[in-house]
Amino acid sequence: MGNSKKKNPTTRFLIYSFIGLLIFSIIIFSLLGMYMSRKSKRSVYEIGEIYMSGMNEQMSRHFETVIKLRFDQVSGIVSVVSADNNDKETAI
């Protein structure tokens, strides 16, 4: 009978220790989860910002190239038309 009294406080201590450790682990993992969630949101935002600025730069370069090409085409057409007009004027 004395043996069971001694075993009972030890068993109780182990159960309370296990419950305390379980609660501590839940709290730590919850805090870690919230921290990682914030970090990943910030990282996704930064990656999106970098991507969009790169796309903006690429689109503006493409637009510049297209406009330059159109101006070159127009100047080519103007030079051909003015050459045709000069030929007609000299022929008359």
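One can find the structure itself at the top, above this paragraph.
## Focus: the overall build of the chain
Moving on, step 1. Along the chain, the regular secondary structure elements total one helix and zero strands.
Moving on, step 2. In the chain, buried positions account for 0% of the 92 residues.
Moving on, step 3. A total accessible area of about 8,900 Å² is found for the chain, and carbon and sulfur atoms account for 68% of it.

## Quick look at the pattern of salt bridges
Moving on, step 1. This structure, assessed with the given rule, holds two salt bridges.
Moving on, step 2. With a shortest N-O distance of 2.8 Å, Glu57 and Arg61 are connected by a salt bridge. Of this pair, Glu57 and Arg61 both sit in helix 1 (residues 2-91), separated by four residues, roughly a single helical turn.
Moving on, step 3. Relative accessible area serves as the criterion here: at 52%, Arg61 is assigned to the exposed category.
Moving on, step 4. The partner of Lys68 in a salt bridge is Asp72, with the nearest N and O atoms 3.9 Å apart. Pair noted here: Lys68 and Asp72 are both in helix 1, with a separation of four residues, about one helical turn.

## Here's the deal with a positive patch on the surface
Moving on, step 1. There is a patch of like positive charges on the surface, built from Arg38, Lys39, Lys41 and Arg42.
Moving on, step 2. Residue placement: Lys39 occurs in helix 1.
Moving on, step 3. For Lys39, a relative accessible area of 37% puts it in the partly exposed group.

Thresholds, definitions, all that
Residues numbered from 1 in each chain as written. Predicted model: local features only at pLDDT ≥ 70, side-chain atom pairs only at ≥ 80, totals over all residues. Heavy atoms only, no water. Helix = DSSP H or I, 4+ residues; strand = E, 2+ residues; numbered from the N terminus. Buried < 20%, exposed > 50% of the residue type's maximum accessible area, 1.4 Å probe, protein only. Areas by Shrake-Rupley, 256 points an atom, 1.4 Å probe, with all protein chains shown as cover. Salt bridge = Lys/Arg side-chain N within 4 Å of Asp/Glu carboxyl O. Patch = residues over 30% accessible without salt bridge, like charges linked within 9 Å, V, L, I, M, F, W, Y side chains within 5 Å. Lys, Arg positive; Asp, Glu negative; His and termini not counted. Charge placed at Lys NZ, Arg CZ, Asp CG, Glu CD.

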